[in-house]
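Okay, here's what each chain looks like letter by letter:
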Amino acid sequence: MEQTRKPPKSAGGEEARLMGADGAAGAGMGRSAAAFAPVASEDGRAGRVAGDGPASAGAARLEEERHLAATLAQLGAALAQAEGLARAVAGGYDETASALMAARGELAPEEAAHGSLELDRMGRQAALAEESRERLAKLLDAPYFARVDFAAADAADDEPPMTAYLGRFAFSWESRSVVSDWRSPVAGLFYDYEPGPAAFEAPGGRREGALVLKRQIAVEGGRIAWAVDTGSSVRDEVLARALSQGGDTRMHDIVASIQREQNAVIRDEEPGTLVIQGVAGSGKTSIALHRIAYLLYRQKERLSSRSVAIVSPSRVFADYISGVLPELGEEPVGQWSLHGLASLLLEGVARVEAPRSWADEADPARVARAAAKGMRAFADDLVAWLSAATAPDAPEPLLDPRDLTVGTAVVEGGWLAARFSGYGALPLVERLDLLAGDALSQAVAASFGRARQGLPTRREVRGRLLRMMRVRDAMALYRRFLAETGRSALLRVPARGMVEWEDAFPLALCRLAFDGPGAFPALAAVRHVVIDEMQDLTPVQHAALARLLPGDKTLLGDVSQLVDGRVSMTPEDVAAAYPGARLVRLMRSYRSTWEITELAARVRPVEGLCAVERHGPAPRLVRCGDTRGALAAVDEAVGTWRAAGGRTLGVIAKSDLLAARYAEVLAARHEVALVTDETEEFPAGIAVCSVRMAKGLEFDDVVLLDADARQYATEADRCLLYVGITRAMHRLTVVYRDEPSPFLL
């Protein structure tokens, strides 16, 4: 496979290829890269600034240092103003609050109401002032990461190119733009073009012209660490260096290293559903979050943080990604784990059993039930049955009407049936409510005098109509579906008032049909939802989410990283569950070294995968013989990780049960944290987890335990092995006892 071939390294290694033997561009860079030379910064660290040679590089660096100094001075002045305003507004708020408190009981009602409104206004003003202050403070450390110079085609001959510096946030000083937001139209020049013909969509229309300078700039602690005029090959080198950094317990923004194919997804503003199939390490989760930040920036009139939600595979994953949007200047959005969302959907109906790892499941009957409910036929049959059973022309309507006495009037059963059928497009509860109102209107029209005073309430009539229903709640509707399709044996109640995990979303679909969208108030404000790890959702879960969350969606995942052996869906299958969905593929992998990616490709070949060339130690395959040997291999890997200054190390077992056992034993040798469904935060240091819980996470180093022929033998096991391997960024140790999995060979 192409991605597993190691291209020959040029003489002098990576530094020679990046810098060139004499400080100019290396021969392997080609004509698209500008020449540049190393320049020492004031603290002695090497910086790199583009130019035609050392002299030009020095002049360019001086220009950038002067610009940075001016920008920092403007930021400092703006920050001082913002801090003064924040103090003044806060002081005014406190003074007003104290005055209102002192005058309590003496103010007229209208004066008190006016004072309360004024206090609210000042509170909002104080929050905005503090937000402005915090943004400016963040910009002081690194105000921008790139510069673009653009010569418009319609500009006068003596007009200099337009220069724009790009950062996380926009900054203006004295009515002049100093830093442009990474989401602004002009930023597209940096992400989408190399020097040469270029264009961007300005507020006044499309601007055609030429990109004459594209410069990446690293500012650290208010100083230029390096800068480079960027051609495609140089950009890959800079990207590789960024990727070589250590991992963290939080995902961070990638605004300085967004690639062209990623930017196309981020800036996709089309409504509807976007499905992202991305290979392991393609940055799909980060891209989805940056897309949300972009849409919040571009569609302020339609979207806010309160109208966006994220559905994550686990609590620990939700914590891992929670810092990205705040880093980009956006408020945190609502997040649910899939189990948390299921519990919310069935609140007041049933408790939801926690998901089980199929690798741990020892009950063959439970396995069979889960597999049956994970089939596409189950989802299709449920959706079709609900549509037919609630239709106006249903062969056996769910209402079994009888004459209804309301006060002194009698409402005939046939009339009730006709009216109920007439409301056929509505949820069952809403139809019953309307029918109760109609029946009361009939009774009022037929009653006089005291008879009208004795009429029941609408709620009482609705309750009597409910007793005429063949099913009286969502659970009864679900049971009826299972019975009529010969699937009653699939329902098992693990405890009173609880349903198995695989029944949660089918039951939610039945609740939607019975109670309507009004039963889910927490979903009402959601206009855009991000659904991660789409490959592990069953067809019925996709069907439920498509109907319960009818707004725009971004779905993402990788069918090669399936951790539930009972599910099998292609990207096209996922897209088909959401009418009109668009499917994009991200085939470039950035996370792991070339050597780790080569092993992953051997385990599970992925056609079209292209890996960024970043080299590191070859993965270690260690035969350990027994548990003692496995623990010794972990000890050695921990030592290597600590010596390298790593921040995160994942010790990954196949199943939740094995992970818990290893965590217990390893706790006597190292400080470790076991990651489970209940884990709220991604732990720093050594984390022990199952492949299922490691899904979506990444670690500096990984130790993959018990990669034996018996443990990893089936196609489902192949996916688990692939997921475990691709969690590693820099170093990987694969431990097996006697015979390694054939997928490793």
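None of these values were measured; they are calculated from a predicted model.

I keep staring at the packing of aromatic side chains and nothing clicks. Help me out?
What characterises a pair of aromatic rings is the spacing of the ring centres plus the angle enclosed by the ring planes. For the coordinates displayed, the defined rule picks out 11 aromatic pairs. A centroid spacing of 5.9 Å and a plane angle of 65 degrees characterise the contact between F145 and F190, whose relative ring orientation is edge-to-face. One end of the pair, F145, is in the loop between α3 (109–141) and β3 (146–152); the other, F190, is in helix α4 (residues 188–192), with 45 residues separating them in the sequence. We note that F145, like F190, is buried. Here F190 and Y191 contribute two aromatic rings whose centre-to-centre distance is 5.3 Å and whose plane-to-plane angle is 70 degrees, an arrangement assigned as edge-to-face.

It is not clear to me how the packing of helix α12 (residues 376–389) against helix α19 (residues 539–548) should be interpreted in this structure. Could you clarify?
The description of two helices packed together rests on the angle between their axes and the distance between the axes. Running from amino to carboxyl end, α12 crosses α19 at an angle of 40 degrees, the nearest separation of the two axes being 7 Å. Side by side, α12 and α19 meet where R376, F378, A379, L382 and V383 of the first sit next to P539, V540, A543 and R547 of the second. In the contact of α12 with α19, the residues fall into seven nonpolar, no polar and two charged.

Any chance you could explain the environment of S305 here in plain terms?
Mapped onto the elements, S305 comes out in the loop between α7 (284–298) and β11 (308–312). Note: C-alpha distance between S305 and E330 (25 residues apart in sequence) is 7.4 Å. The residues touching S305, leaving out its near neighbours within four places in the chain, are L296, E331, P332, V333 and G334.

For this particular structure, what's the right way to read the sheet that holds β11?
Here six strands make up an open sheet; going across it, the order is β12-β11-β17-β18-β10-β19 and the pairing parallel. Sheet topology places β12 (334–337) and β19 (582–586) at the edges, where each strand pairs with a single neighbour. Averaged over all neighbouring strand pairs, the angle between strand axes comes to 15 degrees, with direction disregarded. In the sheet, β11 pairs with strand β17 (residues 528–531) via four bridges, with the strands oriented parallel. From the neighbouring strand, I310 faces β17, where its bridge partner is V530. Strand contacts of α7: β10 (273–278), β11, β17, β18 (552–557) and β19, with the helix running at about 160 degrees to β18, the strand carrying the most contacts.

Sorry, what's going on with the environment of L666 here?
By the secondary structure assignment, L666 is in helix α23 (residues 656–666). Looking at L666, the relative accessible area reads 0%, which means it is buried. Along the chain, L666 and L631 lie 35 residues apart, while their C-alpha atoms are 7.5 Å from each other. Ignoring any residue separated from it by four or fewer positions in sequence, one finds L666 in contact with L631, V634, V651, V672 and V688.

Sorry if this is basic, but what is going on with the sheet that holds strand β25 (residues 685–690) here?
Sheets are built from strands that pair by backbone hydrogen bonding, the pairs being arranged parallel or antiparallel. The sheet built from six strands is open, its strands ordered β22-β27-β26-β23-β25-β24 with parallel pairing. Pairing within the sheet leaves two strands with one partner each, and these edge strands are β22 (620–623) and β24 (672–674). The average angle at which neighbouring strand axes cross in this sheet is 20 degrees, direction not considered. Sheet topology note: the β24/β25 ladder contains three bridges and is parallel. Of the residues in β25, the one forming a bridge with A673 is A687. Here helix α22 (residues 627–643) sits on the sheet in contact with β22, β23 (648–653), β25, β26 (699–704) and β27 (728–736), set at roughly 160 degrees to β23. Across the face of the sheet, helix α25 (residues 715–725) comes into contact with β23, β26 and β27 while running at roughly 140 degrees to β26.

Hey, could you run me through the pattern of salt bridges in this one?
A side chain of one charge can pair with a side chain of the opposite charge if their charged atoms are brought near each other. In this structure the tally under the stated criterion is 50 salt bridges. A salt bridge links E64 to R215; its shortest N-O distance comes to 2.6 Å. Residue E64 is located in helix α2 (residues 54–102), and its partner R215 is located in strand β8 (residues 205–220); the two are separated by 151 residues in the primary sequence. Classification of E64 as buried rests on a relative accessible area of 0%. We classify R215 as buried; its relative accessible area is 4%. Salt-bridge contacts for R250 lead to D319; the nearest nitrogen and oxygen are separated by 3.0 Å. Taken together, the residues R250 in the loop between α5 (232–243) and α6 (260–266) and D319 in helix α8 (residues 315–321) connect sequence positions 69 residues apart. What you see here is one network of salt bridges that share partners, running through E353, R356, E361, R366, R369, K373, E500, E502 and D503.

Each value, and the rule that gives it
- Residues numbered from 1 in each chain as written.
- Predicted model: local features only at pLDDT ≥ 70, side-chain atom pairs only at ≥ 80, totals over all residues.
- Heavy atoms only, no water.
- Phe/Tyr/Trp six-rings, centres within 6.5 Å; stacked < 30°, edge-to-face > 60°.
- Helix = DSSP H or I, 4+ residues; strand = E, 2+ residues; numbered from the N terminus.
- Buried < 20%, exposed > 50% of the residue type's maximum accessible area, 1.4 Å probe, protein only.
- Axes fitted to C-alpha atoms, helices over the stretch in contact; angles between N-to-C directions.
- Contact = heavy atoms within 4.5 Å.
- Nonpolar A, V, L, I, M, F, W, Y, C, P; charged D, E, K, R; others polar.
- Pairing = 2+ DSSP bridges.
- Salt bridge = Lys/Arg side-chain N within 4 Å of Asp/Glu carboxyl O.

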